[in-house]
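# Results of the structural survey
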Amino acid sequence: MTPPLVLELLPALIDLPFRDGYVSSIVWVSLSVSLLAVTLSTLVSIPTAILLGFREFPGRRLLKTLINTGMGFPSVVVGLLVLFVVSNQGPLGSFELIFTRQAMVMSQFVLATPPITAISLAAITGVRQEIRDAARALGGTRLDVALVVLKEARYGIATAILAGFGRAISEVGSVLIVGGNITSASGISRTRTLTTAIQLEARQGQYETALMLGAVLLVLVLTVNAIVVRYGDGGIQR
Amino acid sequence: MGAGASAGLAGCSQSESTETGSGTTQELPGVAGETLTLTTTTSTYDTGLLDEIHTDFQELYGVTVDAIAQGTGAALETARAGDSDIVMVHARGLEDEFMRNGYGVNRRDLMFNDFVILGPAADPAGIDGLGSATEALATIADAESTFVSRGDNSGTHTKELDLWAAAGTDPAGEWYQETGTGMGEALNIATQQGAYTLSDRGTYISRRAELDIAIRVQGPIEGGPAILANPYGIMAVNPGVHENANYDLAIAYIGWITSPGAQEAISSYQVDDEQLFFPEAVSADPGFQQYVPEGWSSDSDDG
């Protein structure tokens, strides 16, 4: 995994006091880990939200409560739980996932899934009943109705995915614990993300460079949001 | 760790081996491509020492060193869980406990520097020039001058608690602030509050340009009391306890870092024109106590 060219050019655009390749590699680790985690979260969240939004079943309220609680779960606690799972002593210990990007994806998946599910569910249940009735009256099957509702709710679902991405890429507690904040000796990130790099600078009292990296993170989140709003919301006038 | 972890990160290690230009795979030792997970303290990592010297080891063996800076307590805990192969820390008491419990083997004295007591220029407690660290702390406690403690179970925090105990003082009250932060951040907090604090000399040197606090009590490197010595030790994780520990590579690392070449590299590493770490592995003196818990002898019940 080497960073794309655009990331290699990044340090040339902003003059950061770091070694060559350092900033672009941590940006790349941040992006690749969070995008993968959010993709996996979305694949679980949307079907879960549809199930919760369309079906009555025992334990539905409990599941909704659990999901809503999960939105407020501290990332450090998630990091510790994932650590226990992937640690040498844990159930997945033999896979040697500790201090790898895979472990970081796991913890961000746990963090991003509740907000994506909850906000998607709110968007789905927010679709007006007349629209569901109309789809059904036109002879739509249950799947057709679901697709119509999903289409109506797509702005809210895009927001849900962005919220999940925001939570994943900005969290520092769990990736620090399960990833280890590692770079190679030449300063190329292995498991260091923008947030853990910021934490490292702050720990050393280097607040200026910490803020510079914070600005890079902000630009990155802004860019992803802009892309999603531009392409994910193209057809809707609001 | 083992092959699984390194395979997942093959992209990174590959680009490194091409950088070093070692295309002759047949000549690389059998450990080539493996990853050594080293848990260590923030002071060895944040000063830049490890990045500086590790390139040499990585090229020599064709391996990758994953250095994880956690603070002494957490570094030992990670090793205790079998999640690292080797530990480099600075709290002899905790290292001894780690060995006594069977988790660590093949300990060596590695290098040392010292701790210094820092304080504001105004020196409200009046400790400047005191030759005794314990007397200085007792004076700070009597004056109830603000003292910033790491409070994070790090090697420096452990030393600080030892010093308070040696001074016969139980620090408590509004003047004693546990921050739970790294050394660099604790130095900033102490500067902002005009407080006293205990720091390793290396972190202080690398940060002093931005600090308003300065050395009030020197460590032994500059003629201060021996109690402020800050020795670093290195240990391999016992493969008899954690069979996945990369023991071969850990021992190769210990051999390399205690060799005259790497020890020379440690002593020539400078920040701000000052030497931060003083090697002590190469010696004509056998120094048997470095291999066992302090005070251990074959006559004692221990082990």
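Residues numbered from 1 in each chain as written. Chains lettered and ligands numbered in written order. Predicted model: local features only at pLDDT ≥ 70, side-chain atom pairs only at ≥ 80, totals over all residues.

### As for the overall build of chain A
Here is the rule we go by: Each helix corresponds to a stretch of at least 4 residues labelled H or I by DSSP, and each strand to a stretch of at least 2 residues labelled E; elements are numbered beginning at the N terminus. Remark: C-beta atoms are placed from the backbone, and a residue is labelled buried if 20 or more other C-beta atoms sit within 10 Å of its own, exposed if 12 or fewer do, or partly exposed between those counts. The contact criterion used here is simple: two residues whose C-beta atoms, placed from the backbone, lie within 7 Å are in contact.
The number of helices and strands found in chain A is 11 helices and zero strands. When its helices and strands are written in sequence order, chain A yields α-α-α-α-α-α-α-α-α-α-α. In chain A, buried positions account for 44% of the 238 residues. Here the analysis covers contacts within chain A between residues at least 6 apart in sequence; of these, 72% occur between residues at least 24 apart.

### Things to note about the pairing of strand E7 (residues 196–200) of chain B
Residues and elements named next belong to chain B. Under the convention used in this document: Strands were regarded as paired on the criterion that DSSP finds at least two bridges between them.
Taken across its five residues, E7 has five buried, putting it largely inside the fold. Both faces of E7 are covered, namely the face carrying Tyr-196, Leu-198 and Asp-200 and the face carrying Thr-197 and Ser-199. Pairing of strand E4 (residues 104–120) with E7, which is carried by four bridges, proceeds in the antiparallel orientation. Residue pairing across strands places Ile-117 opposite Leu-198, the latter belonging to E7. By the bridge criterion, two bridges tie strand E5 (residues 147–149) to E7 in an arrangement that is parallel. Within E7, the residue paired with Phe-147 across the bridge is Tyr-196.

### A closer look at the nonpolar core
The cut-off we apply is this: By our criterion, buried Ala, Val, Leu, Ile, Met, Phe, Trp, Tyr and Cys residues that link up through C-beta atoms within 7 Å make up a nonpolar core. Residue ranges assigned to the domains are those given by an automatic or database domain assignment.
In this structure, Val178(A), Ile86(B), Leu137(B), Ala250(B) and Tyr253(B) are the most contacted members of the largest nonpolar core, which totals 132 residues. A total of 14 residues in this core trace back to one element, the largest contributor, which is helix H5 (residues 101–125) of chain A. Each of domain 1 (3–112 + 229–290) and domain 2 (114–228) of chain B accounts for three or more of the residues forming this core. Once you skip the residues sitting within four places of it in the chain, Ala250(B) turns out to touch Leu36(B), Asp85(B), Ile86(B), Ala236(B), Val237(B) and Ala245(B).

### With respect to the environment of Ile67(A)
All names here are of chain A. For Ile-67, the location among the structural elements is in helix H3 (residues 60–70). Accessibility expressed as a C-beta count within 10 Å gives 20 for Ile-67, which makes it buried. Sequence separation of Ile-67 and Pro-115 is 48 residues, and the distance between their C-alpha atoms is 7.6 Å. Aside from chain neighbours lying at most four places away, what touches Ile-67 is Pro-114, Thr-117 and Ala-118.

### A look at the packing of helix H6 (residues 129–137) of chain A against helix H7 (residues 142–152) of chain A
Residues and elements named next belong to chain A. What counts here: Orientation is described by lines fitted to C-alpha atoms, with helices fitted over the stretch in contact, and by angles between N-to-C directions that extend from 0 to 180 degrees. Helix crossings are classified by the rotation of the near helix relative to the far one: an anticlockwise turn of less than a right angle makes the crossing left-handed, while a clockwise turn makes it right-handed. Three residue categories are used. Nonpolar comprises Ala, Val, Leu, Ile, Met, Phe, Trp, Tyr, Cys and Pro, charged comprises Asp, Glu, Lys and Arg, and polar comprises the others, including Gly.
Where H6 meets H7, the closest approach of the two axes is 9 Å, and the angle between their N-to-C directions is 145 degrees. Helix-helix and strand crossings are classified by hand; for H6 and H7 the assignment is right-handed. Residues Ile-131, Arg-132, Ala-135 and Arg-136 of H6 form the contact with H7, whose participating residues are Asp-144, Val-145, Val-148, Val-149 and Glu-152. Its residues placed into classes, the contact of H6 with H7 shows five nonpolar, no polar and four charged.

### A look at the environment of Leu220(A)
Relative to the assigned elements, Leu220(A) resides in helix H11 (residues 207–232). Apart from residues lying up to four places away in sequence, Leu220(A) is in contact with Val27(A) and Leu31(A).

### Side note on the domain arrangement of chain B
All names here are of chain B. Domain boundaries in chain B define domain 1 (3–112 + 229–290) and domain 2 (114–228). Summarising the inter-unit geometry, the C-alpha centres of domain 1 and domain 2 are found 29 Å apart. On the domain 2 side, the residues contacting the 20 residues of domain 1 number 18 residues. Looking at the side of domain 1 that touches domain 2, the elements that each hand over two or more residues are helix H3 (42–46), helix H5 (72–80), helix H6 (92–100) and strand E9 (229–237).

### As for helix H8 (residues 155–166) of chain B
Stated precisely, the cut-off is as follows: Helix span, expected: 1.5 Å multiplied by one less than the number of residues in the helix.
The end-to-end C-alpha distance of H8(B), which contains 12 residues, comes to 16 Å, matching closely the 16 Å that a straight helix rising 1.5 Å per residue would cover. If you check which residues of H8(B) are buried, you get Gly155(B), Thr156(B), His157(B), Thr158(B), Lys159(B), Glu160(B), Leu163(B) and Trp164(B).

### Thoughts on the packing of helix H4 (residues 49–61) of chain B against helix H12 (residues 260–267) of chain B
For any two helices packed against each other, one specifies the inter-axial angle together with the distance between the axes. Residues and elements named next belong to chain B. Stated precisely, the cut-off is as follows: For classification purposes, angles smaller than 35 degrees are called roughly parallel, those larger than 145 roughly antiparallel, those between 65 and 115 roughly perpendicular, and all remaining angles oblique.
It is at 10 Å that the axes of H4 and H12 come closest, and there the two elements cross at 150 degrees. For the element pair H4 / H12, the angle class is roughly antiparallel. Along this stretch, H4 crosses H12, giving a crossing that reads as right-handed. Where H4 abuts H12, its residues Leu-49, Ile-53 and Asp-56 lie against Ala-262, Ala-265 and Ile-266. Residue composition of the contact of H4 with H12, by class: five nonpolar, no polar and one charged.

### A short note on the environment of Leu217(A)
All names here are of chain A. Residue placement: Leu-217 occurs in helix H11. You can call Leu-217 buried: it has 20 C-beta atoms within 10 Å. Considered as a pair, Leu-217 and Ser-170 are 47 residues apart in the sequence and their alpha carbons are 8.0 Å apart. Residue contacts for Leu-217: discarding those within four places in its chain leaves Leu-194 and Thr-195.

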